Amino acid sequence: MKLNLMKGVFFFCILVLVSLEVVKADIIPNPTRGKGIVPGDSLKVRMVSEQVRVDLYKDHSEVECIFEMRNFDETEDVEVGFPMMEFYPWGMDLGNKDFRGNLHVWVDDEKVDAVEMYVPGDLKEIRREKDKNEEFRLFRQREKANKPWYVWKTKFPKDKTVWIKVTYTLPAYNDKRNHFFSYLLSTGAGWWGTIGKAVVEVTNHDIPKDEIIRISPSRYKKEGNKIVWKFKNLEPTIKDDIEIQYSPLVRKQEIKGLAWFVDGEPRSDGQFIRLNPQEIVTIEVRKDDPKYPSGVIYGFTKTYVFDSFRKSLQSRFPSVYRRLQQEDCKTFGERFEVQVDGRKGDVWKQLSDLKESQLSSVELQKGSEGRELIRIKLKK
């Protein structure tokens, strides 16, 4: 069966969501300064201790972080931040006020209600991009860069200790075929001095031992169903970041024999899943090929559809062919509309259904809203 454009994009959006990264990390001082990770020069607030307790389940985690902070300088109001690492940029409304979800903050046992969201300027600029393909490309280009932050103000009195507690619940995130839990200790490097003492305790509730694939860093101890890391005078780097890889998302036997093709070329399932959903025109699922008893999935991109259509015009409709030679896939979608036997519709869906042998005539005319119209008539 053949899925149309909207169904195809929906299907691929689901696949892309499988690889959505969801992690959390240490609180950060002054996230809106110095690219969001460096405190002001005068700030001398040290993270004296850090206690992280994680209840880990196959499909989600429940996390409590308690930070003991002490100011060794003059009293100062500091903007404290927690990275929004579950941020999925092309699917999130940056203007949404109800963004905090399950994140809660307390300072010295007082609940903080004034938690805001800080969005880096380059993210705001990308969200203003009108072309969705270009927006997607820019987001993928900067996906490892600074994320938005949950931010709130905290007063650090001189020579006093301040306790900050952060709790949240998040779904497990997946990379290709496995689940992961991550906690970034490295972001704590923005505070003054070292982290005096850090304990990360992960309690495994329902993940079988044989499904735990990797635990890092390796300097942990197991205490029953707990995995425990202990650090002293830590100068955190990415090598100290906690990660547990577990529970295959897709068993090998479930995909054995299933074939994946993009634009007629074989691909792995991982390559297929990582396709930009905005680029997909159609998906075709077939189970009638004896070579692939488990089935074949074909994905066709806008580039492939455009190039195939343009090639079909070269010998019979050279003037239209020469005009389209001046366009690329992106500009074509913006500047042209298509009419087939008097019916207009989605440009890409119209072209994907065409075969060269069906074409009776192809003409260029003036279209609506400044576009050019490709008027196609089919053989009877």
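I will try to describe carefully the structure that is included in this document. What you see is a predicted model; the values in this text were computed from it and never measured.

**A word on the sheet that holds strand β16 (residues 221-223)**
Within a sheet, neighbouring strands are paired by backbone hydrogen bonds and run either parallel or antiparallel to one another. Taken in spatial order, the eight strands of this open sheet run β8-β7-β11-β5-β4-β14-β17-β16, and their pairing is mixed. Edge positions in the sheet fall to β8 (110-111) and β16, since each has one partner strand and no second. Strand direction decides the pairing type here: β16 and strand β17 (residues 226-234), joined by three bridges, are antiparallel. The partner of Glu223 across the bridge, within β17, is Lys226.

**Considerations on the packing of aromatic side chains**
Taken as a whole and judged by the stated rule, the model has ten aromatic pairs. The interplanar angle of 40° and the centroid separation of 5.5 Å between the aromatic rings of Phe300 and Tyr304 together place this pair among those described as tilted. Directly above the aromatic system of Trp106 lies the positively charged group of Lys111, at a separation of 5.4 Å from the ring centroid. Looking at Lys165, its charged tip hangs above the ring of Trp106, at a distance of 4.6 Å from the centre.

**A few points about unusual backbone geometry**
A cis geometry characterises the amide bond from Ser216 onward to Pro217, with omega recorded as -5°. Even without glycine at this site, Asp263 takes up a positive phi of about 55°. Mapped onto the fold, Asp263 is located in the loop between β19 (259-262) and β20 (265-267). You will see that Glu369, though not glycine, has its phi angle at about 55°, which is positive. Tracing the backbone shows Glu369 in the loop between β25 (359-366) and β26 (372-378).

**Focus on the pattern of salt bridges**
On inspection of all chains with the given rule, the structure shows 14 salt bridges. With its nearest N and O atoms 2.3 Å apart, the salt bridge here joins Glu243 to Arg214. With Glu243 in strand β18 (residues 242-248) and Arg214 in strand β15 (residues 212-216), this residue pair connects regions lying 29 residues apart in the sequence. Since its relative accessible area comes to 35%, Arg214 is described here as partly exposed.

Basis of the calculations
- Residues numbered from 1 in each chain as written.
- Predicted model: local features only at pLDDT ≥ 70, side-chain atom pairs only at ≥ 80, totals over all residues.
- Heavy atoms only, no water.
- Pairing = 2+ DSSP bridges.
- Helix = DSSP H or I, 4+ residues; strand = E, 2+ residues; numbered from the N terminus.
- Phe/Tyr/Trp six-rings, centres within 6.5 Å; stacked < 30°, edge-to-face > 60°.
- Lys NZ or Arg CZ within 6 Å of the ring centre and 35° of its normal.
- Salt bridge = Lys/Arg side-chain N within 4 Å of Asp/Glu carboxyl O.
- Buried < 20%, exposed > 50% of the residue type's maximum accessible area, 1.4 Å probe, protein only.

Limitation: the analysis is restricted to geometry and does not speak to function.
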